[in-house]
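Here is how the chains run, residue by residue.
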Amino acid sequence: MAGMMNCGRFMRHSIVLVLVLLFKAQYHNPSSSSSASSCSSSHSRSVPLDSFSNYPVSLSVKINGGVGEDDDDDDDEFGSLQYDYYRNSCPKAERIVRSTMQHIHRTKPYLIPAIIRLVFHDCFIQGCDASVLLDDDDYIDSEKEAPPNGSLKGFDVIETIKSKLEEACPRIVSCADILVLAARDSVALAGGPFYPLYTGRRDGSNSYADIATYELPSPYSDLSHTLNSFKAKGFDEREMVTLLGAHSIGEIHCEFFKNRLYNFSGTNEPDPSIEVEFLNLLKSKCSASSPSSTSGYTSHRTLSSTAFDSTFSNGSPSSSVEEPGITMDLEQPQSDFGITYYRNLLQGRGILYADQQLLEGEVTRYWIKEYALDSTLFHKHFALAMMKLSDLHILTPPMGNIRLNCSKVA
């Protein structure tokens, strides 16, 4: 039902999503454009979408009206969000975001999954308002300080993009838009689908550490708790399974699954749902004597870094030595973004307890099987789910503001 409502919502706002199947040879560099489907209408226009996804699926969009055009827009839910919102005020905005993320992908690839995780942690708590980027001060209890966010990374990437945009067009592009655009480009660079996004979000002026502490999903949760977390944000079971496919990239540290290896539920035995060969692999990475987390919070760390280069010199690395862990992709090819994750779950090779719990539900198990067999279906659904996530409780004028620095309200 929620999935049908979501589709209806997009149709009501004059969006037509067209799945375009292309051969890899037809993909071109990010500076060029792929052709969108056309549909004759005296009041609508087709918008070509750039695509640099390594997987042959892209989404095209058809919109009515646009910035500076007269149209009967009673769209209260999306406010003033528009496709290509900055095309007049800052025409290079999305290009600047994209070129920066391409540089990150070449030089610091471990930050690609970090940005995807960062947008989830922002939008999941009070909407996509860049609240997760704010630093602690006398008036703000930063979400960065919440236990589930202790290992978040990529803040310096967003600040770098922001500084470039401030040079190009001061006080025009919001940090909230930067974050959702950077995450969209990160998905494509990781081998996932490229999807259209509305822009025109404003930044919030508060951060919500307490809410983040209790509402972000936990890696230790059973299926019912995870379902409730996503349902509270408007996502149904299929969308939840789809979004968790982002766990297919990056690295997770031993502290968040070691309890499954040696003393599951106080039994002094491993979790029986873990496949034996995989259990031995995990044990080889995580010794029984290493510290174990008891916080119960989500903390999916991305690949560790020893230091940032001069491009991100205004930030400091958390540590040059980090705890051991295991990559979530388990040697999957980039073109299999997400697919190996579902296949691993079916084989009892889920790393996190909450992930493996997805097999316990009839609906969630069905979608795991579907995605494990049909990568095209998963990429389409993942694009739609990320679009929905990116539009959660957005702020548009006259609400919100445009921050000069993404870590500060002023």
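Note that the structure is predicted; figures quoted are calculated from it, not measured.

*Asks:* Hey, could you run me through the overall build of the protein in this one?
*Replies:* The secondary structure content of the protein amounts to 14 helices and seven strands. In the protein, the share of contacts with a sequence separation of at least 24, taken over all contacts with a separation of at least 6, comes to 76%. Carbon together with sulfur atoms contributes 51% to the accessible area of the protein, which is approximately 17,800 Å² in total.

*Asks:* Would you take a moment to explain the nonpolar core for this structure?
*Replies:* One recurring pattern in soluble globular proteins is that nonpolar side chains are buried together. The biggest cluster of nonpolar side chains holds 81 residues, and the ones touching the most others in it are Met101, Leu118, Leu133, Ile158 and Leu165. Take this core: its biggest share by element is 10 residues, from helix H5 (residues 175–189). In this view, Ile158 contacts Ile115, Leu118, Leu133, Ile178, Leu179, Ala182 and Cys406; residues no more than four positions away in its chain are not counted.

*Asks:* Just checking my understanding: could you explain the pattern of salt bridges for this structure?
*Replies:* Two side chains of opposite charge can pair, provided their charged atoms sit close to one another. Taken as a whole and judged by the stated rule, the model has 11 salt bridges. The partner of Asp391 in a salt bridge is Arg201, and the shortest N-O contact between them spans 3.0 Å. Placement of Asp391 in the segment after helix H14 (375–390) and of Arg201 in the loop between strand E5 (198–199) and helix H6 (209–215) is noted, with a sequence separation of 190 residues between them. The exposure class of Asp391 is buried, given its relative accessible area of 10%. Residue Arg201 is classed as buried on the basis of its relative accessible area, which comes to 0%. Within the structure, one salt-bridge network assembled from shared partners comprises Glu94, Arg98, Arg184 and Asp185.

Cut-offs and rules
- Numbering of residues starts from 1 in every chain and runs along the sequence as written.
- Since the coordinates come from a predicted model, pLDDT governs what is reported: local features require at least 70, and pairs of side-chain atoms require 80 or more to be given and counted, while whole-chain, interface and lining totals use all residues.
- To get the side-chain values, all heavy atoms of the structure are used, and hydrogens and water are removed first.
- Per the convention used, a helix needs a DSSP run of H or I reaching at least four residues, while a strand needs a run of E reaching at least two, with both numbered from the N terminus.
- Residue contacts are counted whenever heavy atoms from the two residues lie within 4.5 Å of one another.
- Throughout, the Shrake-Rupley method with a 1.4 Å probe supplies accessible areas, and for residues the shown protein chains are the sole cover considered.
- What makes a nonpolar core is a set of buried Ala, Val, Leu, Ile, Met, Phe, Trp, Tyr and Cys residues whose side-chain atoms join them at distances within 4.5 Å.
- Relative accessibility under 20% of the residue-type maximum defines a buried residue, over 50% an exposed one, and the middle range a partly exposed one, all with a 1.4 Å probe and only protein chains included.
- In what follows, salt bridge is the name for a side-chain nitrogen of Lys or Arg lying within 4 Å of a carboxyl oxygen of Asp or Glu.

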